[in-house]
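If you want the building blocks of each chain, they are given just below.
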Amino acid sequence: MAKYPQGKRKRVSPKKGKVGVKKTENPSSYVLRMLLAASPHYVSGSMMAQKLKMSRVGVWSRVDRLRKAGLSIDASQNRGYRLVAEPNLLNQPLLEAWLKECRKNCKVFVLDEVDSTNSEAERRLANGEKAPFAVLANTQTKGRGRMGRSWNSPKGGNLYLSMGFRPDVDLIKLRSFTLWQGLKIAMFLSSLTEIDGISVKWPNDLVYQKKKIGGMLTEASIDCERVRSLIFGIGLNVNCPKSRFPPSLKKIATSIESVTGQTFRIHEIAAKIIKATMEAYKDCLEGGVESTLMENWRDWDALADQKVQISMGKEKMTGKAMGIDLSGGLRVKLRNGRIRVVQAGEVTLRK
Ligand code: BT5
């Protein structure tokens, strides 16, 4: 549980005005929105009743339902209700409330368990779900990495999120999509967690001191050079203590909690990553991200000036990583001084 008032969230008062819950909004998410906006203070029960257009008993039973779903809400006779802590397990109304708080509309599907959120997003796109949308799960039984690798997905406290889009644009517009997303998400995480030293390891890892904190998996369906559908998946180790990593990951992975010694609000992180992902996607469609990406990359590049080995299928090559070019390819300086640009491959750091 991430407790209040701990955390770095700016304190705001409930918004004034006569407007209450809209017909389209889930009342539970509206209750949570009011509690979030007032946090760490109380919201009066009668004000809630007025805004929700229901009786005070109605509000009480709505709050009780939220408590049963795992939310810690304190009730005080004279003061009203207060959100005490947020759960580590995902709660759909709370995520919706955070999205509203971030002023972002996006349909979300919160699942307790799924094979892979990327696979679920793919199925939903195939079944005609309106894009964009986000799929999140508390755990994945077949979380996927690239090239058939698996993504360790223990239950509770980590983020497993996929977003489905239908871009219908030329492939070239989205060639820097994963790198741009990585840069934007690394920037957001650094500012939220105040971790100094989060970086992006080309092409799809989020790392801290050479240890993997998150990974991204972009999958697209392409038809005649046009991207018809696109799925962006991210796995992020948030509140997972090191002791929960399997032995194979203990030396190569870490989590935000292990780095900071603090737990973070998973719903806030999820909502803000959804927002950052939607904005980064829009940037790519509008065009022109490549030069900004190249300019900013150096500050966030986990490989800058490092000796690397790159595996491209059976071919292996060693050299010094020299940033990216306009196409998003990794520039590698070979022993003979020539620069080779690699578009896809597995990079390992060499001593
Ligand atoms: C990735 O692959 O890094 C992309 C991972 C994407 C996962 C998300 S979760 C939500 C969505 N749904 C999915 O099914 N997938 C996406 P790759 O570069 O191939 O790295 C995989 C390697 O990372 C593994 O072989 C392990 O060495 C390591 N790894 C696995 N689980 C990890 C974890 N939880 N934390 C850090 N490293 C991990």
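Predicted model only: the values in this text are computed from it and were never measured.

**Q** A description of the side chain of Q309 should follow, citing residues and the corresponding values.
**A** Examined against the element boundaries, Q309 turns out to sit in strand β12 (residues 307-312). Overall, Q309 belongs to the buried group, its relative accessible area being 19%. Every residue in contact with Q309, bar those within four places of it in the chain, is listed here: K316, M317, T318, E346, V347, T348 and R350.

**Q** Talk me through the domain arrangement of the chain; I want residue IDs and the actual numbers.
**A** Each assigned domain of the chain is listed with its residue range as follows: domain 1 (2-86), domain 2 (92-299) and domain 3 (303-349). Averaged C-alpha coordinates put domain 1 and domain 2 at centres separated by 29 Å.

**Q** Describe the site of the ligand, listing the residues and the values that go with them.
**A** Surveying the vicinity of the ligand reveals 28 residues, the closest of which are S116, R144, R146, R149 and K212. One of the side-chain N or O atoms of Q140 is found 3.0 Å from a nitrogen atom in the ligand. At 2.7 Å from an oxygen atom of the ligand is found a side-chain nitrogen or oxygen belonging to R149. In isolation the ligand has 800 Å² of accessible area, and contact with the protein removes 92% of it.

**Q** Could you give me a rundown of the packing of aromatic side chains, with the residues and numbers involved?
**A** Within the structure shown, the criterion is met by 5 aromatic pairs. Ring geometry for F165 versus F177: centroids 6.5 Å apart, planes at 80 degrees, classification edge-to-face. Taken as a pair, F165 in strand β6 (residues 159-165) and F177 in helix α6 (residues 177-193) lie far apart in primary sequence, 12 residues in all. Comparing F165 with F177, the two get one shared label, buried. A centroid spacing of 3.9 Å and a plane angle of 15 degrees characterise the contact between F165 and Y281, whose relative ring orientation is stacked.

**Q** I'd love a proper account of unusual backbone geometry, names of residues and values included.
**A** Following S39, the chain continues to P40 via a peptide bond in cis, the omega torsion being 10 degrees. Within the secondary structure, P40 is located in the loop between α1 (27-38) and α2 (45-52). Each neighbour pair has its own omega, and for A131 with P132 the value is 0 degrees, a cis peptide bond. Located in the positive-phi region is M147, a residue other than glycine, with phi close to 45 degrees.

**Q** I'd love a proper account of the environment of A321, names of residues and values included.
**A** Mapping A321 onto the fold places it in strand β13 (residues 315-324). With residues near it in sequence (within four places) discarded, A321 still touches L303, A304, D305, Q306, V308, L330 and R331.

**Q** A description of the sheet that holds strand β16 (residues 346-349) should follow, citing residues and the corresponding values.
**A** To summarise the sheet geometry, strands pair through backbone hydrogen bonds and adopt either a parallel or an antiparallel arrangement. Taking strand neighbours across the sheet as the criterion, the 5 strands line up as β15-β14-β13-β12-β16 in an open arrangement whose pairing is antiparallel. With partners counted over all chains shown, the strands left at the sheet margins are β15 (339-342) and β16, one partner each. Each strand axis lies, on average, 45 degrees off the axis of its neighbour in the sheet, ignoring direction. Here β13 runs beside strand β14 (residues 330-333); their pairing, made up of 3 bridges, is antiparallel. Note on β14: the bridge partner recorded for A321 is V332.

**Q** Any chance you could break down the nonpolar core for me, citing the residues and the numbers?
**A** Counting residues in each nonpolar core, the largest one holds 88 residues, and the members touching the most others are L136, L159, L236, I269 and I274. What L159 contacts, discounting residues up to four positions off in sequence, is L136, I234, G235, L236, V238, I266, I269, A270 and I273. Formed by 9 residues, the second largest nonpolar core is a distinct cluster that contains F109, L111, A121 and A137.

**Q** With reference to specific residues and values, describe the pairing of β14.
**A** Because side chains alternate across β14, one face comprises the buried residues L330 and V332, and the other comprises R331 and K333, none of which is buried. Counted between consecutive antiparallel strands, the loop separating β13 from β14 contains 5 residues, among which G328 sits at a positive phi close to 90 degrees. Relative to β15, β14 runs antiparallel, the two being bridged by 4 bridges. If you follow R331 over to β15, its bridge partner there is V341. The antiparallel pairing of β14 with β15 creates a hairpin that spans 5 residues between the two strands, and G337 there sits at a positive phi of about 90 degrees.

The rules behind the values
The residue count restarts for each chain, going from 1 along the sequence in the order it is written. The model is predicted, so local features are restricted to residues of pLDDT at least 70 and side-chain atom pairs to those at 80 or more, both for listing and for counting; the totals for chains, interfaces and linings are taken over all residues. To obtain the side-chain values, all non-hydrogen atoms of the structure were included, while hydrogens and water were left out. Think of it this way: any DSSP run of H or I at least four residues long counts as a helix, any run of E at least two long counts as a strand, and we number them from the N terminus. Only protein chains enter the accessibility calculation, which uses a 1.4 Å probe. A residue is then buried if its area is under 20% of the maximum for its type, exposed if over 50%, and partly exposed in between. Should any heavy atoms of two residues lie within 4.5 Å, those residues are counted as being in contact. Those domain boundaries reflect an automatic or database domain assignment. Each residue is tested against the molecule or strand, and it is near if at least one of its non-hydrogen atoms lies within 4 Å. Polar contacts, as counted here, are pairs of nitrogen or oxygen atoms within 3.5 Å of one another; within protein the pair requires one atom able to donate a hydrogen and one able to accept it, and residues that are adjacent in sequence qualify only if both atoms are side-chain atoms. The Shrake-Rupley method, run with a 1.4 Å probe sphere, supplies the accessible areas, and residue values consider only the shown protein chains as cover. Two aromatic rings, drawn from Phe, Tyr or Trp (for Trp, its six-membered ring), form a pair once their centres lie within 6.5 Å of each other, and the interplanar angle then sorts them: stacked below 30 degrees, edge-to-face above 60, tilted otherwise. For two strands to pair, DSSP has to find at least two bridges joining them. Axis definition: a line fitted to C-alpha atoms, limited for helices to the stretch in contact. Angles are taken between N-to-C directions and run from 0 to 180 degrees. Among the buried residues, those of types Ala, Val, Leu, Ile, Met, Phe, Trp, Tyr and Cys that are joined through side-chain atoms within 4.5 Å form a nonpolar core.

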